[in-house]
Amino acid sequence: MFAHLEPYAGDPILTLNESFQKDPREGKINLSIGIYFDDEGKIPVLGAVRAAEAEIAAHVGPKPYLPMEGLAAFRSGVQTLLFGADSAALKAGRVATIQTVGSSGGLRVGADFLARWLPGSTIYLSDPTWENHRAVFQAAGRKVETYPYYDAATGGLRFDAMKAAIEQMPAQSVVLLHTCCHNPTGVDLTPDQWQALIPVFKARNLLPFLDLAYQGFGDGMDEDVYAVRALVAADVTFIITNSFSKSLSVYGERCGALSVVCPDADQAARVLGQLKATVRANYSNPPLHAGQLVATVLNTPALRQQWASELEGMRARIRLMRERLHAVLTARLPGRDFNYLLTQRGMFSYTGLTAEQADRLREQEGVYVLRSGRMCVAGLNSRNVERVAEAMAKVLAG
């Protein structure tokens, strides 16, 4: 029955992580998978999460199915987090939000929704983007193209080329954009650049689809949703999926959301209904515990503040690792400019390593990065950052 199936080549990130686990060498360093590790090299359990877990455990009750759209307290908490408590769009009922199985689940629900209701639309992804973006949209039957983004020569953004490409997209095209902390490059749009694109979205009748997996890891909780609130202020219809995996360090809970900002409340109600229908045909209902956990943090002022403080510490540690990596590389290779390590933001950076150099770094030095050159900066700590820098300098020097 299944003899004709082709072998699965594996996800490039998860496969590399499996190779790391099998590597018998002591001192090996994993900078491949997108997980935040603390300075001890461990996945942290945030104090806000511990407190929320205790609160939930103290009031154990029946565990019914959630509604298809998810826990009401979760959805309202997400809306306030993304759009602000005083958002005019929320007051007008223009936002449809559902709880999803992580932001990956949000992407797939969004992709299926678009396949049903905008069947002729093409999805445009940044070049490069997170590897799974293409897989998710293609699996939903969507045509996928790319637009210019990363400048390998500078480690920055090809904004003029990006804007020119968007200006040529057909009406009702879907433009997937990273709201902050671009994965895999760490290169973000500035507020001025977002403002320059917004009139293009409107003039070309395009649908932005924002992916927000790292809120709080860039410049701050509110700063990292600048694009979200700017699009709302400009009355742009758009979609956004967001995740709590990294920011709350609850990866296995698979807790995310998908929101669609509509022109009016009537369209928002229709969108919510069709999102529910999409969920029903997929996984029926999102997880109860994940929704309760995040809702407790978002809707309890003391826990919300504690979370913000803990996230600020995580952001500061990543910034420190960038600075230390930059300092050693600059000292070892004074003829090269590594300032892009400081201007890129969030958990990831494009290191400038070629695929061959990434292979050498792994095989000879035991340091794992993706063959694209992407490095998870959050995998660095005070004990391994200098060794990583020395290994990178050795490989880059040839």
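Above this text is the structure in question.
Summary of the structure given here.

### Some remarks on unusual backbone geometry
Reasoning step 1: Put simply, Asp127 and Pro128 share a cis peptide bond, and its omega is 5°.
Reasoning step 2: Mapped onto the elements of the fold, Pro128 is located in the loop between strand S3 (122-127) and helix H6 (131-139).
Reasoning step 3: Note that the residue after Asn183, namely Pro184, is joined by a cis bond; omega there is 25°.
Reasoning step 4: Phi is positive for Ser249, which is not a glycine, with a value near 55°.
Reasoning step 5: Within the fold, Ser249 resides in the loop between strand S9 (238-243) and strand S10 (255-261).
Reasoning step 6: Phi angles above zero are rare outside glycine, and Arg254 is one such case at about 55°.
Reasoning step 7: Tracing the backbone shows Arg254 in the loop between S9 and S10.
Reasoning step 8: On the accessibility criterion, Arg254 (29% relative accessible area) is partly exposed.

### Here's the deal with the nonpolar core
Reasoning step 1: Among the nonpolar cores identified, the biggest contains 110 residues, and Met162, Phe244, Trp307 and Leu325 are the most heavily contacted of them.
Reasoning step 2: For this core, the leading source of residues is helix H12 (residues 301-332), giving nine residues.
Reasoning step 3: Dropping the residues within four chain positions of it, Met162 is found in contact with Tyr147, Pro148, Tyr149, Leu157, Leu177, Leu189 and Leu197.
Reasoning step 4: Membership of the second largest hydrophobic core comes to 26 residues, among which are Leu114, Leu125, Val144 and Val279.

### A closer look at the sheet that holds strand S4 (residues 143-148)
Reasoning step 1: The strand order across the open sheet formed by seven strands is S2-S10-S9-S8-S7-S3-S4, and the pairing between neighbours is mixed. The open sheet has two free edges, formed respectively by strand S2 (95-101) and S4, since each of these has just one partner strand. Sheet twist, expressed as the average angle between the axes of neighbouring strands with direction ignored, equals 25°.
Reasoning step 2: Looking at chain direction, S3 and strand S7 (residues 174-178) are connected through two bridges and run parallel. Within the sheet, the bridge partner assigned to Tyr124 lies in S7 and is Val175.

### Some points on the environment of Asn285
Reasoning step 1: For Asn285, the position within the fold is in the loop between helix H10 (265-280) and helix H11 (288-299).
Reasoning step 2: Sequence separation of Asn285 and Cys262 is 23 residues, and the distance between their C-alpha atoms is 23 Å.
Reasoning step 3: Setting aside chain neighbours within four positions, we find Asn285 in contact with Tyr65, Leu66, Pro67, Met68 and Val279.
Reasoning step 4: At 2.7 Å, the side chain of Asn285 and the backbone oxygen of Leu66 are in polar contact.

What counts, and at which threshold
Residues numbered from 1 in each chain as written. Predicted model: local features only at pLDDT ≥ 70, side-chain atom pairs only at ≥ 80, totals over all residues. Heavy atoms only, no water. Helix = DSSP H or I, 4+ residues; strand = E, 2+ residues; numbered from the N terminus. Buried < 20%, exposed > 50% of the residue type's maximum accessible area, 1.4 Å probe, protein only. Core = buried A, V, L, I, M, F, W, Y, C linked by side-chain atoms within 4.5 Å. Contact = heavy atoms within 4.5 Å. Pairing = 2+ DSSP bridges. Axes fitted to C-alpha atoms, helices over the stretch in contact; angles between N-to-C directions. Polar contact = N/O pair within 3.5 Å; in protein donor to acceptor, adjacent residues only side chain to side chain.

Geometry only, nothing functional implied.
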